[in-house]
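Below are the chains, spelled out letter by letter.
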Amino acid sequence: MIAVSVYYNAGTLLSVFELANMIVDTHAHLTDKNLTELQPFLTQAREAGVGRIIAIATTLEDSRQCLELVARHDELRAAVGIHPNNCCQAKESDWEEIVGLCREEGVVALGETGLDKYWDDCPWEIQVDYFKRHLRLSRETSLPVVVHTRECAEETLGILMEEAGLGPVNGVMHSFTGPQAVADGCLELGMYISFAGMVTFKNAKEIQEIAAQIPEDRILVETDSPYLTPAPHRGKRPNHPALVAYTLEFLAELRGVSKSVLAEQTTANAFRLFGNW
Ligand SMILES: [Zn+2]
């Protein structure tokens, strides 16, 4: 017997064939001013096989704008939340509004959240507080969290492990840059690991070694548009969802599989984590 995975949702049915011909950009800042003229970028994405995109938010206002985009474009879904570098400007009522917004149609994740020691925009305690708020809301709603970490991967894993004592940690380490021990810890918690353009850079040997070994049912791809444009377009701005195809191609070669196999795996993973649409 041949096992054929199909994904049903709202009347749509996607076969393995369709999955293999579709890439999901799981992390794009589509409200960024560099992507103001969005439609041409969405058209290019579709032409490149990028059939679904998650618009990711950094503030309350951004969360609202992501939802407006979702209402206008069928291929989009939104993540709502407050970024660690923005959380100290958030008012208490902003968080309450995020809690309300995350129940709206079209929201598939919370974030981005996490911790950042590279930029000292927000005091550490406030970042930790907001990170834990997102994790608690994730447990309450079953929405996955999209986790950012910069120069504090061990501390981030520490909090995820602490919170795992309170309930399931469901989510993704986005634009993952290592180290291996943190990837291992996150995988053990049941999380997914997502790679952005950085993995394609020449000097990214450590990230490449990690990416080569991520189990096929836990790997995701993203652009993190408009930043971190993948090779061979490194340095060009803006990065945009169509270019995730380069990251996918690079990863496929690294992992010794065809592009269509990796597209099928990463798209199935994205739909398992975020629900399909
Ligand atoms: Zn981001």
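Residues numbered from 1 in each chain as written. Predicted model: local features only at pLDDT ≥ 70, side-chain atom pairs only at ≥ 80, totals over all residues. Heavy atoms only, no water.

A. Structural detail: the coordination of the zinc ion. Here the zinc ion is held by His27 (NE2), His29 (NE2), Glu112 (OE) and Asp224 (OD), and the distances to it run 2.0 to 2.5 Å. With 4 donor atoms in place around the zinc ion and angles of 86 to 175° between them, the coordination shape is irregular. Counting the intervening residues between successive donors of the zinc ion yields the motif H-x1-H-x82-E-x111-D. With Glu112 in strand E6 (residues 107–116) and Asp224 in the loop between strand E10 (219–221) and helix H9 (244–255), this pair connects stretches of sequence that are 112 residues apart. Of the two residues examined, Glu112 and Asp224, each falls in the buried class. (Donors = N, O, S within 2.8 Å, 3.2 Å for Na, K, Ca; no water. Tetrahedral: all angles 85-135°; square planar, octahedral: opposite > 155°, others 65-115°. Helix = DSSP H or I, 4+ residues; strand = E, 2+ residues; numbered from the N terminus. Buried < 20%, exposed > 50% of the residue type's maximum accessible area, 1.4 Å probe, protein only.)

B. Inspection of the packing of aromatic side chains at higher detail. With the rule as written, the count across this model stands at 4 aromatic pairs. Seen from their ring centres, Trp95 and Tyr130 are 6.0 Å apart, and the 90° between their planes marks the pair as edge-to-face. With Trp95 in helix H4 (residues 92–101) and Tyr130 in helix H5 (residues 124–141), this residue pair connects regions lying 35 residues apart in the sequence. Look at Trp95 and you get buried, because its relative accessible area is 7%. Between Tyr118 and Trp119 the ring centres are 5.0 Å apart and the planes differ by 90°, which places this aromatic pair in the edge-to-face class. On the basis of relative accessible area, Trp119 is assigned to the partly exposed category, the value being 44%. Geometry around Tyr130 places Arg133 over its ring, the cationic atom sitting 4.4 Å from the centre. Positioned above the aromatic ring of Phe201, the side-chain terminus of Arg234 is 3.7 Å from the ring centre. (Phe/Tyr/Trp six-rings, centres within 6.5 Å; stacked < 30°, edge-to-face > 60°. Lys NZ or Arg CZ within 6 Å of the ring centre and 35° of its normal.)

C. Geometry of the packing of helix H8 (residues 205–213) against H9. Following both chains from N to C, one finds H8 and H9 inclined at 70°, their axes separated by 9 Å at the closest point. By the angle between their axes, H8 is roughly perpendicular relative to H9. Of H9, the residues touching H8 (which contributes Gln208, Ala211, Ala212 and Gln213) are Phe250, Leu251, Leu254 and Arg255. Of the residues assigned to the contact of H8 with H9, the class counts are 5 nonpolar, 2 polar and 1 charged. (Axes fitted to C-alpha atoms, helices over the stretch in contact; angles between N-to-C directions. Parallel < 35°, antiparallel > 145°, perpendicular 65-115°, else oblique. Contact = heavy atoms within 4.5 Å. Nonpolar A, V, L, I, M, F, W, Y, C, P; charged D, E, K, R; others polar.)

D. Summary view of the packing of helix H6 (residues 153–164) against helix H7 (residues 180–188). It is the contact of H6 with H7, at a shortest axis distance of 10 Å, that shows an interaxial angle of 15°. One finds that H6 runs roughly parallel with respect to H7. Considering how the two elements wind past one another, H6 and H7 form a crossing that is left-handed. On the side of H6, the interface is formed by Ala153, Glu154, Leu157 and Leu160, while H7 contributes Ala181, Val182, Gly185 and Cys186. Here the residues of the contact of H6 with H7 sort into 6 nonpolar, 1 polar and 1 charged. (Left-handed = near helix turned anticlockwise from the far one by under 90°.)

E. Structural context of the sheet that holds E6. In space, the 8 strands of this open sheet follow the order E3-E4-E5-E6-E7-E8-E9-E10, with parallel pairing throughout. Two strands bound the open sheet, and with one partner strand each, they are strand E3 (23–28) and E10. Taking the axes of each pair of neighbouring strands and ignoring which way they run, one obtains an average angle of 30° across the sheet. Summarising the sheet, E6 and strand E7 (residues 145–150) pair through 5 bridges and their orientation is parallel. In the strand pairing of E7, Thr113 is matched with Val147. (Pairing = 2+ DSSP bridges.)

F. Main features of the state of the cysteines. In this structure the tally under the stated criterion is 1 disulfide. Linked covalently through their sulfurs, Cys88 and Cys122 form a disulfide whose S-S length is 2.2 Å. Measuring handedness by torsion sign, the sulfur bridge of Cys88 and Cys122 sits at about -70° and is left-handed. With Cys88 in the loop between strand E5 (76–80) and H4 and Cys122 in the loop between E6 and H5, the pair connects residues that are 34 residues apart, well separated along the chain. Looking at Cys88, the relative accessible area reads 28%, which means it is partly exposed. Considering cysteine sulfurs only, Cys122 is the nearest to Cys87, which forms no disulfide, with 4.2 Å between them. Free cysteine Cys186: the closest other cysteine sulfur is in Cys152, separated by 12 Å. Residue Cys186 is classed as buried on the basis of its relative accessible area of 0%. (Disulfide = S-S within 2.5 Å.)

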